[in-house]
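If you want the building blocks of each chain, they are given just below.
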Amino acid sequence: MGLRIIYGKQGSGKTKFCFTEVANLIKKEKKIYIITPEQFSFTAEKNLMETIDQKAVLNAEVITLSRMAYRVINEVGGTIKTNLTKPGKAMIIASILENNKKNLKFLGKSEENIELGIQAITEFKKHGIRIENLKEEIEKIQDTYLKTKLKDMAIIYEGFENQIQEHYIDETDLLTILANQLEKTEFAKDSIIYLDEFAGFTIQEYEVIAKLVEQAKQVNITMTIDNLETNTNPDLDIFYSNKQTLSKLMQLAKKKKLELEEPVKLEKKYRFKTPELKHLSQNLYNHKSTIYTKDVENIQLFLAKNQYTEIENIAKQIVQCVKKQNIKYRDIAIITNSTPSAISHQLRVLKQSKLVKFRKEGKIVYYSLADEHVSEIYEKGREHVEEV
């Protein structure tokens, strides 16, 4: 029943360390959970199967906090309520705005205000602000404009809670339910838990972490930081925001009287394969940085005279990528390190110039050079420029 911090700079192998430990513990422990944000769960599942080198495993599982919440709700008997979707929220808030026209001084019934209501309620719940907390703070506020706006928000928030409490589960409430119900189940008891790929935590997530530490054998949290000093300058320390998360975890452990285990520091670099990137990772934002003395071969900088020459350079990169046949739109955005909207504009220009063609398969658009003659012309031109 302890909390352990696994930390190191970017590319130091924190995720690899976790999965290697899982592979070593898999025959000894009954339950191992790797908890990740939703967007990293598939990658984590892939990493798990590759690390343990098995086709299937029963006692190790990748899970997200929301999926864990649903599992716990099912176990304690909370499935009679319907999960409320975002369109459902929008309908409820639209109804509240319509029914409270006389009481609302700031907000009216518009799409923007419906979206504003959804966002506000989500943020209130994520940060543990209840209706009574909001009303108490409103009474203390002197600013008339802010007070009026928050009073409208309180009306929407209270109306929303009154409408959903009997029949619906708001997705934003899932982690609060998880924190309150977890101890009633055997889900996390005597398990080994790893929380990986999180950039920070909300108030709800801190409460869930506290409950997990109380029930599990060990909870491990990976953090991208260079050291455990939390009292640093935000203007000078690139890891400042992550160290604030660490500080909150330490405060939580102290408040809840949770056991802190010896932290693990990882210093070896795995991610950066080229010497230039390794040097940058070690020296960027370091007040004791050193000069790179070798020839730079793997990093190129383009100094544009204006935004048009910058776009021309991007276009050249796009042609290079499209030459490889069937490059996806999203891949081009990643390769050139440009925004999807900028790439979309360039592809439109190239298409109008009949340099590229495209085909659609479902929602995915594939681009390629219009024909082999275009490819040959481009290649000859590039060779000529290089000779010059």
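In what follows, the structure referred to is the one given above.
Values in this document were obtained by computation on a predicted structure and should not be read as measured data.

Caption draft 1: Local environment of the side chain of Asp 170. Summarising the element assignment, Asp 170 is placed in strand E5 (residues 168-170). Within the structure, Asp 170 has its side chain in polar contact with the side chain of Lys 125 (distance 2.8 Å). Excluding residues that lie within four positions of it along the chain, Asp 170 makes contacts with Leu 84, Lys 89, Ile 121, Lys 125, Phe 160 and Ile 164.

Caption draft 2: Seen up close, the packing of helix H8 (residues 174-181) against helix H9 (residues 203-215). Their axes nearest at 9 Å, the elements H8 and H9 cross at an angle of 25°. One element, H8, and the other, H9, form an angle in the roughly parallel class. For the pair H8 and H9, the crossing hand works out as left-handed. Packed against H8, whose contacting residues are Leu 175, Thr 176, Leu 178 and Ala 179, the element H9 presents Gln 204, Glu 205, Glu 207, Val 208 and Lys 211 at the interface. Here the residues of the contact of H8 with H9 are counted per class, giving 4 nonpolar, 2 polar and 3 charged.

Caption draft 3: Inspection of helix H7 (residues 144-164) at higher detail. The end-to-end C-alpha distance of H7, which contains 21 residues, comes to 30 Å, matching closely the 30 Å that a straight helix rising 1.5 Å per residue would cover. Among the residues of H7, those classed as buried are Leu 150, Asp 152, Met 153, Ala 154, Ile 156, Tyr 157, Gly 159, Phe 160 and Ile 164. The backbone nitrogen of Tyr 145 lies 3.0 Å from a side-chain oxygen of the residue at the head of H7, namely Asp 143.

Caption draft 4: Spatial organisation of the packing of aromatic side chains. Taken as a whole and judged by the stated rule, the model has 5 aromatic pairs. For the pair Phe 201 and Tyr 206, a centre-to-centre distance of 5.7 Å together with 65° between the ring planes defines the contact as edge-to-face. Neither residue differs from the other here; Phe 201 and Tyr 206 are each classed as buried. Through successive ring pairs, a cluster of aromatic residues spans Phe 198, Phe 201 and Tyr 206.

Caption draft 5: A nonpolar patch on the surface, seen in detail. Taken together, the side chains of Ile 238, Leu 277, Leu 280, Leu 284, Tyr 285, Val 296, Ile 299 and Leu 301 define a hydrophobic patch exposed on the protein surface, amounting to about 830 Å² of accessible area. You can see Leu 280 is positioned in helix H11 (residues 275-283). For Leu 280, a relative accessible area of 38% translates into the label partly exposed.

Calculation notes
Residues numbered from 1 in each chain as written. Predicted model: local features only at pLDDT ≥ 70, side-chain atom pairs only at ≥ 80, totals over all residues. Heavy atoms only, no water. Helix = DSSP H or I, 4+ residues; strand = E, 2+ residues; numbered from the N terminus. Polar contact = N/O pair within 3.5 Å; in protein donor to acceptor, adjacent residues only side chain to side chain. Contact = heavy atoms within 4.5 Å. Axes fitted to C-alpha atoms, helices over the stretch in contact; angles between N-to-C directions. Parallel < 35°, antiparallel > 145°, perpendicular 65-115°, else oblique. Left-handed = near helix turned anticlockwise from the far one by under 90°. Nonpolar A, V, L, I, M, F, W, Y, C, P; charged D, E, K, R; others polar. Expected span 1.5 Å × (residues − 1). Buried < 20%, exposed > 50% of the residue type's maximum accessible area, 1.4 Å probe, protein only. Phe/Tyr/Trp six-rings, centres within 6.5 Å; stacked < 30°, edge-to-face > 60°. Patch = residues over 30% accessible without salt bridge, like charges linked within 9 Å, V, L, I, M, F, W, Y side chains within 5 Å. Areas by Shrake-Rupley, 256 points an atom, 1.4 Å probe, with all protein chains shown as cover. Salt bridge = Lys/Arg side-chain N within 4 Å of Asp/Glu carboxyl O.

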